[in-house]
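The residues making up each chain are set out below.
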Amino acid sequence: SILISVDLSPAVREIKSTAFYGCAKLPHIVIPDSVTTIESNAFTNNSSMRSAVIGVDVNFIGNQAFSTGNPLCVTFKRCTPASLGTQVFSNGSNFFVPQGCLSAYQGATGYTSLNIAERHQYSASVSGGNGTVQIIDTFGCSSTVTFVANAESGYHFAGWSDGSTDSIYTVTLTQDTNLLASF
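To start, this report covers the structure provided alongside it. Every residue gets a number counted from 1 within its own chain, in the order that chain's sequence is written. Reporting of local features is limited, given that this is a predicted model, to residues whose pLDDT is at least 70; pairs of side-chain atoms are given and counted only at 80 or more, and all residues count toward the totals for whole chains, interfaces and linings. Side-chain measures here rest on the full set of heavy atoms in the structure, leaving out hydrogens and waters.

### Comments concerning the state of the cysteines
Here is step 1 of the chain: Only a pair of cysteine sulfur atoms within 2.5 Å counts as a disulfide in this structure description. Under the definition given, this model contains one disulfide.
Here is step 2 of the chain: Between Cys 23, a free cysteine, and Cys 73, which holds the nearest cysteine sulfur, the sulfur-to-sulfur gap is 20 Å.

If you want it as structure tokens, here you go:
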């Protein structure tokens, strides 16, 4: 398959069995919050897949749904663990859950042997208008996020609230982070 990216509609409620089976060039998938079920083998044998973001309403993931043959970096947006089929993820995968949700996952059926960590939260805002901020998160296994400040015509970027003056600013998250951009 030559499919290299997927942008699933918010109208999608279910990902059917084998829907993306063997998509060998699909490196990343974001499951919309509207999806409730990911059926068996939905993403099986996707040799390039490295990361997945599981939407907040997903409450069931079927057998071998993400058995890609590679360790994945999986971010769950939901605080309540979804029910899992068998061998859902490839061995060696890493999992990230929202802050305050780690104990729910560690005690849930199917999750006890997984490598799970909490993901720090981040946000950015603009002081006084005159510009915008874009946040780039690869949802990979690293804890880096890139913030991009864009000044409106006639204005310039002055700096971030932590003192950095780089308009393209990559931050390694070691705690919850909120940056304010000044223009």
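### Remarks on unusual backbone geometry
Here is step 1 of the chain: Within the chain, Asn 41 stands out as a residue other than glycine whose phi angle is a positive 60°.
Here is step 2 of the chain: Secondary structure is summarised from DSSP: a helix means a run of H or I of at least four residues, a strand means a run of E of at least two, and numbering begins at the N terminus for each. Note on placement: Asn 41 falls in the loop between strand E3 (37-38) and strand E4 (51-54).
Here is step 3 of the chain: One non-glycine residue, Gln 87, adopts positive backbone phi at about 45°.
Here is step 4 of the chain: Considering the arrangement of structural elements, one finds Gln 87 in the loop between strand E7 (83-84) and strand E8 (94-98).

### Quick word on the layout of surface pockets
Regions of empty space are outlined by a rolling probe, equal in size to a water molecule, passed over the atoms.
Here is step 1 of the chain: Using a grid of 1 Å spacing that covers the protein atoms alone, one calls a set of points a cavity when a 1.4 Å probe fits there but cannot get out, and a pocket when the set is open and has protein on both sides within 12 Å along at least five of seven lines; lining residues are those with an atom within 4 Å of a point. Grid points are joined across faces, edges and corners, and a volume is the space filled by probe spheres set on the points. Quantified by volume, the largest pocket comes out at close to 270 Å³.
Here is step 2 of the chain: Looking at the largest pocket, it is lined by 15 residues, and the ones nearest its centre are Gln 87, Val 88, Phe 89, Ser 90 and Asn 91.
Here is step 3 of the chain: Tallied by class, residues from the lining of the largest pocket come to five nonpolar, 10 polar and no charged. Residues were grouped as follows: Ala, Val, Leu, Ile, Met, Phe, Trp, Tyr, Cys and Pro as nonpolar; Asp, Glu, Lys and Arg as charged; and all remaining residues, including Gly, as polar.

### Describing the nonpolar core
Here is step 1 of the chain: Within the largest apolar cluster, 32 residues are counted, with the highest numbers of intra-cluster contacts made by Ile 31, Ile 38, Phe 43, Ile 54, Ile 61, Phe 66 and Phe 76.
Here is step 2 of the chain: We call two residues in contact whenever any of their non-hydrogen atoms come within 4.5 Å of each other. Contact partners of Ile 61, with chain neighbours within four places excluded, come to Ile 38, Ile 54, Phe 66, Phe 76, Ala 82, Ser 83, Leu 84, Gly 85, Val 88 and Phe 89.
Here is step 3 of the chain: Among buried residues, the Ala, Val, Leu, Ile, Met, Phe, Trp, Tyr and Cys ones that are joined through side-chain atoms within 4.5 Å form a nonpolar core. Remark: exposure states derive from per-residue accessible area (1.4 Å probe, protein chains only) relative to the maximum for the residue type, with buried under 20%, exposed over 50%, and partly exposed in between. Core analysis: the second largest hydrophobic core is formed by 11 residues, Val 145, Ala 149, Tyr 169 and Phe 183 among them.

### Notes on the pattern of salt bridges
Here is step 1 of the chain: Throughout this description, the term salt bridge denotes a Lys or Arg side-chain nitrogen within 4 Å of a carboxyl oxygen of Asp or Glu. The final tally for this structure, using the stated rule, is three salt bridges.
Here is step 2 of the chain: A salt bridge links Lys 16 to Glu 14, with the nearest nitrogen and oxygen atoms 2.9 Å apart.
Here is step 3 of the chain: Of the charged contacts in the structure, one is a salt bridge between Lys 16 and Glu 39, with a shortest N-O distance of 4.0 Å. On the criterion of sequence distance, the pair formed by Lys 16 in the loop between strand E1 (14-15) and strand E2 (28-30) and Glu 39 in the loop between E3 and E4 is long-range, its members being 23 residues apart.
Here is step 4 of the chain: Ionic contacts of the salt-bridge type, sharing partners, join the residues Glu 14, Lys 16 and Glu 39 into one network.

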